[in-house]
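Residues per chain, in single letters:
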Amino acid sequence: MRLNYKPEKGLLWQAPVVLIGLMAGAKMKIDVGAVPLTLQSLVLCFTCLYFSRQANLLGTFLYMLAGMYLPVFSGEIFGKEFYFGRTAGYIYGFPFAVILLTAARQYFKDWFGVFAWILMTHAVIMIFGTAWGILYHKMDIDYALTNGFFNLLPGAIAKSVVVSLVYWLTRKYLKTETPA
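Everything quoted here is computed from the prediction, not taken from an experiment.

Student: Got a minute to help me understand the packing of helix α7 (residues 111-135) against helix α8 (residues 141-150) in this structure?
Tutor: Helix-helix packing: each pair is described by the crossing angle between the helix axes and the interaxial distance. Across the interface, α7 lies against α8 with an axial gap of 9 Å and an inter-helix angle of 145 degrees. Of the two elements, α7 crosses α8, and the hand of that crossing is right-handed. Where α7 approaches α8, its residues Ala 123, Met 126, Ile 127, Thr 130 and Ile 134 are matched on the opposing element by Ile 141, Ala 144, Leu 145, Gly 148 and Phe 149. Here the contact of α7 with α8 is composed, by residue class, of eight nonpolar, two polar and no charged.

Take a look at the structure:
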């Protein structure tokens, strides 16, 4: 059975799903080494594959706005403490990751292509986080690259594999149309 799914038709229900998914993903942590793995970017990639760009951007901005007043991010800090904190750059990368992945959907030809675009999406988020640490917090470049990028890379690869496999295996059941 195929469903004719049109992502651009559900902005009013998709944006809250993105918001709730990001909040839940931030609170779910998997301890696998030096850096705990949160599932925010995994949720963001899933929603970018199935929902419209507008819904993802709206949900992402609502998530960022909620973070001004509520502890929706990983950890318990919010507001100015978070937005000027060491890990804020990763959240600043979310809208750019949404734009990249929702634009890339038209180029999906095989599983590896999907995986590569999702991994690039994670790289955009990690580059924003690393650059924030270097530029705003004056971290040493080697330290920022090691702790802000390379330590997160195995988790980004694992999340990219999971998202791309689930997407590739479900695409035949959910006939998606690439939204604007």
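Alright, that's what it looks like, and here's the rest.
Student: When you look at helix α9 (residues 153-170) in this model, what are you seeing that I'm missing?
Tutor: Every α-helical turn comprises 3.6 residues, leaving residues that sit three or four positions apart pointing alike. Between its first and last C-alpha, α9 extends 26 Å over 18 residues, near the 26 Å set by a 1.5 Å rise per residue. Within α9, the full set of buried residues consists of Gly 155, Ala 156, Lys 159, Ser 160, Val 163, Ser 164, Tyr 167 and Trp 168.

Student: Could you clarify how one ought to interpret the environment of His 137 in this entry?
Tutor: Checked against the element boundaries, His 137 lands in the loop between α7 and α8. Using a relative accessible area of 31% as the deciding quantity, one classes His 137 as partly exposed. Non-local contacts of His 137, meaning those with residues more than four positions away in its chain, are made with Phe 84, Gly 85, Arg 86 and Trp 132. Only 3.5 Å separates the side chain of His 137 from the backbone nitrogen of Arg 86, close enough to count as a polar contact.

Student: I tried to follow the packing of aromatic side chains on my own but got confused; where do I start?
Tutor: Centre distance and the angle of the planes are the two values used to describe a pair of aromatic rings. Counting across every chain of the model gives 18 aromatic pairs. Between Tyr 63 and Phe 94, the ring centres sit 6.5 Å apart and the planes meet at 10 degrees, which makes this aromatic pair stacked. With Tyr 63 in helix α3 (residues 53-69) and Phe 94 in helix α6 (residues 94-104), the pair connects residues that are 31 residues apart, well separated along the chain. Of the two residues, Tyr 63 and Phe 94, neither departs from the other in class, the shared state being buried. Measuring from centroid to centroid gives 4.7 Å for Phe 96 and Phe 128, while their planes differ by 15 degrees, and the two rings are stacked. Here Phe 96, found in helix α6, pairs with Phe 128, found in helix α7; they are 32 residues apart in sequence, far enough to count as distant. With a relative accessible area of 29%, Phe 128 lands in the partly exposed category. Here a set of aromatic residues connected by ring pairs shows up, and it is made of Tyr 63, Phe 73, Phe 82, Tyr 83, Phe 84, Tyr 92, Phe 94, Trp 132 and Tyr 136.

Student: How do you make sense of the confidence of the model for the protein chain when you look at a structure like this?
Tutor: Residues shown with low pLDDT carry predicted positions that ought not to be read at fine detail. On average, residues of the protein chain score 86 in pLDDT, and 90% of them are at 70 or above. Here strand β1 (residues 3-5) stands out as the element of the protein chain with the lowest mean pLDDT, 46, in contrast to α6, whose mean of 96 is the highest.

Student: Would you explain a nonpolar patch on the surface in this entry?
Tutor: On the surface, Leu 11, Leu 58, Leu 62, Leu 65, Met 68, Tyr 69 and Leu 70 cluster together to form a nonpolar patch covering roughly 640 Å² of accessible area. Sorting elements by how many residues they give to the nonpolar patch places α3 first, with five residues. Among the secondary structure elements, Tyr 69 is positioned in helix α3. Its relative accessible area of 60% is what places Tyr 69 among the exposed residues.

Student: Could you clarify how one ought to interpret the nonpolar core in this entry?
Tutor: The nonpolar side chains of a soluble globular protein tend to be buried, and buried together. Ranked by size, the top nonpolar core spans 37 residues in total, and within it Leu 44, Leu 49 and Tyr 63 carry the most contacts. It is helix α2 (residues 40-50) that contributes the most residues to this core, six residues altogether. The contacts of Tyr 63, once residues within four sequence positions are left out, are Leu 19, Leu 22, Met 23, Ala 26, Gln 40, Val 72, Phe 73, Tyr 83, Ile 91 and Phe 94.

Conventions we followed
- Every chain is numbered independently, its residues counted from 1 as its sequence is written.
- Local features in this predicted model are restricted to residues whose pLDDT is 70 or higher, and side-chain atom pairs enter the listing and the counts only when it is 80 or higher, whereas totals over whole chains, interfaces and linings include all residues.
- Values shown for side chains rest on all heavy atoms present in the structure; no hydrogens or waters enter the calculation.
- Structural elements are reduced to axes, namely lines fitted to C-alpha atoms, with helices fitted over the stretch in contact, and the angle between N-to-C directions of any two is expressed from 0 to 180 degrees.
- To qualify as a helix, a DSSP run of H or I must reach at least 4 residues; to qualify as a strand, a run of E must reach at least 2; elements of each kind are numbered from the N terminus.
- For any pair of crossing helices, the crossing counts as left-handed if the nearer helix is rotated counterclockwise from the farther one by less than a right angle, and right-handed if it is rotated clockwise.
- Contacts between residues were defined by any pair of non-hydrogen atoms, one from each residue, lying within 4.5 Å.
- Any residue that is not Ala, Val, Leu, Ile, Met, Phe, Trp, Tyr, Cys, Pro, Asp, Glu, Lys or Arg is counted as polar, Gly included; the first ten are nonpolar and the last four charged.
- To estimate the expected span of a helix, count its residues, drop one, and scale the result by 1.5 Å.
- Buried means the residue's accessible area, taken with a 1.4 Å probe over protein chains only, is under 20% of the maximum for its type, while exposed means over 50%, and partly exposed covers the values in between.
- In the analysis that follows, any N or O atom pair within 3.5 Å is treated as a polar contact, provided that within protein one partner can donate a hydrogen and the other can accept it, and provided that, for residues neighboring in sequence, both atoms belong to side chains.
- For Phe, Tyr and Trp, where Trp contributes only its six-membered ring, two rings pair if their centres lie within 6.5 Å, and the inter-plane angle classes them as stacked under 30 degrees, edge-to-face over 60, or tilted in between.
- pLDDT measures how confident the predictor is about each residue, on a scale from 0 to 100.
- A patch consists of residues exposed above 30% relative accessible area that lack any salt bridge, with like charges linked at up to 9 Å and nonpolar side chains (Val, Leu, Ile, Met, Phe, Trp, Tyr) linked at up to 5 Å.
- Accessible areas in this description were obtained via Shrake-Rupley with a 1.4 Å probe; residue shielding takes into account the shown protein chains only.
- What makes a salt bridge here is a side-chain nitrogen of Lys or Arg within 4 Å of a carboxyl oxygen of Asp or Glu, nothing more.
- Throughout this description, the term nonpolar core refers to a set of buried Ala, Val, Leu, Ile, Met, Phe, Trp, Tyr and Cys residues connected via side-chain atoms within 4.5 Å.

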